[in-house]
Structure formats: structure tokens, C-alpha cells
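# Summary of the model geometry
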Amino acid sequence: MILKVSDLAFRRHILVQALILIDFLLSLTPKAKAKLSDLTNKSVLYSYSLTEEDVQVISTPLTKMN
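Criteria and cut-off values
- Residues numbered from 1 in each chain as written.
- Predicted model: local features only at pLDDT ≥ 70, side-chain atom pairs only at ≥ 80, totals over all residues.
- Heavy atoms only, no water.
- Helix = DSSP H or I, 4+ residues; strand = E, 2+ residues; numbered from the N terminus.
- Contact = heavy atoms within 4.5 Å.
- Areas by Shrake-Rupley, 256 points an atom, 1.4 Å probe, with all protein chains shown as cover.
- Core = buried A, V, L, I, M, F, W, Y, C linked by side-chain atoms within 4.5 Å.
- Buried < 20%, exposed > 50% of the residue type's maximum accessible area, 1.4 Å probe, protein only.
- Patch = residues over 30% accessible without salt bridge, like charges linked within 9 Å, V, L, I, M, F, W, Y side chains within 5 Å.
- Salt bridge = Lys/Arg side-chain N within 4 Å of Asp/Glu carboxyl O.
- Phe/Tyr/Trp six-rings, centres within 6.5 Å; stacked < 30°, edge-to-face > 60°.
- Lys, Arg positive; Asp, Glu negative; His and termini not counted.
- pLDDT = per-residue confidence, 0-100.

### Here we look at the overall build of the protein chain
Helix and strand content of the protein chain: three helices and zero strands. In the protein chain, the order of α-helices and β-strands from amino to carboxyl end is α-α-α. For the protein chain, the share of sequence-separated contacts (at least 6 apart) that also reach a separation of at least 24 residues comes to 41%. Entry remark: accessible area of the protein chain is about 5,800 Å², with carbon and sulfur atoms responsible for 63%.

### Brief notes about the nonpolar core
Ranked by size, the top nonpolar core spans five residues in total: I22, L28, L50, V55 and I58. In contact with I58, not counting residues within four places along its chain, are I22, L25, L26 and L50.

### Side note on a nonpolar patch on the surface
Taken together, the side chains of L21, F24 and Y46 present a nonpolar region at the surface, about 320 Å² in accessible area. For F24, the location among the structural elements is in helix α1 (residues 8–26). By relative accessible area, F24 is classed as partly exposed at 36%.

### A look at the packing of aromatic side chains
Across all of its chains, the model carries one aromatic pair by this definition. Ring centres 5.4 Å apart and planes at 80 degrees place the aromatic pair F24 and Y46 in the edge-to-face group. Of this pair, F24 sits in helix α1 while Y46 sits in the loop between α2 (30–36) and α3 (52–65), and the two are 22 residues apart along the sequence.

### What about the side chain of K33?
Along the chain, the position of K33 falls in helix α2. Buried charge without a salt bridge: K33, with D54 as the nearest opposite-charge side chain at an N-O distance of 11 Å. Those residues in contact with K33 that lie beyond four places of it in its chain are S27, L28, Y46, S47, Y48 and S49.

### Let's talk about the confidence of the model for the protein chain
Of all residues in the protein chain, 86% have pLDDT values of 70 or greater, and the mean over the chain is 80. When pLDDT is averaged over each element of the protein chain, α1 comes out on top at 87 and α3 at the bottom at 80.

Put into C-alpha cells, the structure is as follows:
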């Protein structure tokens with residue numbers, strides 16, 4: 001049985017949430033942290049960094065959307 005979401009507004013809502021989550025996760029990369037290190041309050045920066053493998057897994061849905 002294939003489930004389909006027929007409500008277009010609901011689909012958009014889910015896609016926006018997914019993009020927000022992906023954007024947040026990509027902000028945990030060392031490259032992104034280097035950009036934010038001078039601009040933001042140090043107390044709100046996360047100490048955790050993603051590995052290159054994690055970045056590839058997170059970026060895969062973005063490439064499929066385009």
C-alpha cells in the first residue's frame with residue numbers, strides 16, 4: 001500500500017520543516033562554524049561538529065530535491 005499526502009499545504013509544511021532541519025544540521029559543520037565564530041554569541045554555538053560522512057548523508061536529500 002502506497003501512502004500519498006494529498007493536501008498540498010501539508011506537503012509544503014513538511015518540506016519546509018525538513019529544509020529547516022537540514023539547514024540546522026549543516027550549520028554544525030566545521031566550515032559553517034568557522035564562518036559563525038566571529039559573528040555570534042559563543043554561548044549559543046554547539047560544541048558538536050559533524051563529520052564529512054554526516055554532511056554527505058544530510059546533503060543527499062538536497063541534491064534529490066533539485
